[in-house]
Amino acid sequence: MKPTEILVSEHNLIRQALESCSLAVEKLESGEKPPKEFFEKAVEFARTFSDKFHHHKEEYLMFGRLAQRKNGQIDAQIDSLRYQHDRGRDLIAEITQSLTRYAEGQDPQATIILEDMAAYVSLLRHHIHKEDHVFYPMVDKELTAADQKYLLDEFKKEASKDGGKIFENSQKLVQEMGALL
Ligand SMILES: [Fe+2]
Ligand SMILES: [Fe+2]
């Protein structure tokens, strides 16, 4: 198995979470108010799985190896992916800040959450599409067998943290998100 194949399988779980987020946006657009718990779980998934687990492996393990192989030729591409990770974190932070007032029934906060969630879904879908179809194929071509082995070993270490149940717990979280809509 290649390290990028692991990342692609994580993208599939992130896409499932984004499906629910997109449905929540549609509900908000039609005046419905999904429960606060849905957004709390969406934020938890974004933070623990998409960010702390998946984006962390890309940023701190893969980008560095790749930059060494390409001698700075793809710095701009890496910067743009990194910027999108940051932008996603900002949107999730804004959603979190609006949740208490949203639960109190405040309309401005429902609008803020609608806009931020719609932006987050669109951002991450584009980001994942670019990684799957442009960036990862380039990674597969450029990294040496030793790089690939190094990444696989590091990915295994990351997956074994917190009792080794990050993927399983995150799958559960996505199911719970779906059940709340
Ligand atoms: Fe990424
Ligand atoms: Fe990714």
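Residues numbered from 1 in each chain as written. Chains lettered and ligands numbered in written order. Predicted model: local features only at pLDDT ≥ 70, side-chain atom pairs only at ≥ 80, totals over all residues. Heavy atoms only, no water.

### Quick look at empty space enclosed by the protein
Under the definition given, this model contains one cavity of 30 Å³ or more. Here the largest cavity is characterised by a volume of approximately 50 Å³. Forming the boundary of the largest cavity are I14, A17, L18, C21, A42, F45, A46, S50, Y120 and L124. When residues of the lining of the largest cavity are traced back to their parent elements, those giving at least two are α1 (3-29), α2 (36-70) and α4 (107-142). (1 Å grid on protein atoms, 1.4 Å probe; cavity = no way out; pocket = protein on both sides within 12 Å on 5 of 7 lines; lining within 4 Å. Points joined across faces, edges and corners; volume = space filled by probe spheres on them. Helix = DSSP H or I, 4+ residues; strand = E, 2+ residues; numbered from the N terminus.)

### Quick notes on the coordination of the iron ion (ligand 2)
Donor atoms from the polypeptide that bind the iron ion (ligand 2) are H11 (NE2), H54 (NE2), E58 (OE) and E131 (OE), placed at 2.0 to 2.2 Å. Around the iron ion (ligand 2), the four donor atoms are arranged such that angles at the metal cover 87 to 168 degrees; this shape is classified as irregular. Sequence positions of the donors to the iron ion (ligand 2) reduce to the motif H-x42-H-x3-E-x72-E. If you look at the iron ion (ligand 2) and the iron ion (ligand 1), they sit 3.2 Å from each other and are both ligated by E58. With H11 in helix α1 and H54 in helix α2, this residue pair connects regions lying 43 residues apart in the sequence. (Donors = N, O, S within 2.8 Å, 3.2 Å for Na, K, Ca; no water. Tetrahedral: all angles 85-135°; square planar, octahedral: opposite > 155°, others 65-115°.)

### Details of the coordination of the iron ion (ligand 1)
The coordination sphere of the iron ion (ligand 1), as far as protein atoms go, consists of E58 (OE), H85 (NE2), H127 (NE2) and E131 (OE), spread over 2.1 to 2.2 Å. What the four donor atoms of the iron ion (ligand 1) show is an angle range of 85 to 175 degrees at the metal, which sorts the shape as irregular. Assessed through its relative accessible area of 0%, E58 is described here as buried. (Buried < 20%, exposed > 50% of the residue type's maximum accessible area, 1.4 Å probe, protein only.)

### Some words on the packing of α1 against α2
Their axes nearest at 11 Å, the elements α1 and α2 cross at an angle of 150 degrees. Put simply, α1 runs roughly antiparallel to α2. Considering the relative orientation of α1 and α2, their crossing is left-handed. On α2, the residues touching I6, L7, E10, H11, L13, I14, A17, S20, C21, A24 and L28 of α1 are F38, F39, A42, F45, F49, S50, F53, H54, K57, E58 and M62. Residues of the contact of α1 with α2, tallied by class, amount to 15 nonpolar, four polar and three charged. (Axes fitted to C-alpha atoms, helices over the stretch in contact; angles between N-to-C directions. Parallel < 35°, antiparallel > 145°, perpendicular 65-115°, else oblique. Left-handed = near helix turned anticlockwise from the far one by under 90°. Contact = heavy atoms within 4.5 Å. Nonpolar A, V, L, I, M, F, W, Y, C, P; charged D, E, K, R; others polar.)

### Some points on the pattern of salt bridges
Applying the stated rule across the entire model yields 19 salt bridges. Two residues, R15 and D132, come together in a salt bridge whose shortest N-O distance is 2.9 Å. Remark: D132 occurs in helix α4 and R15 occurs in helix α1; sequence separation between them is 117 residues. A relative accessible area of 16% means that D132 is categorised as buried. As a salt-bridge pair, D153 and K149 come within 2.8 Å of each other at their nearest N and O atoms. Of this pair, D153 and K149 both sit in helix α5 (residues 145-160), separated by four residues, roughly a single helical turn. Its relative accessible area of 31% is what places D153 among the partly exposed residues. (Salt bridge = Lys/Arg side-chain N within 4 Å of Asp/Glu carboxyl O.)

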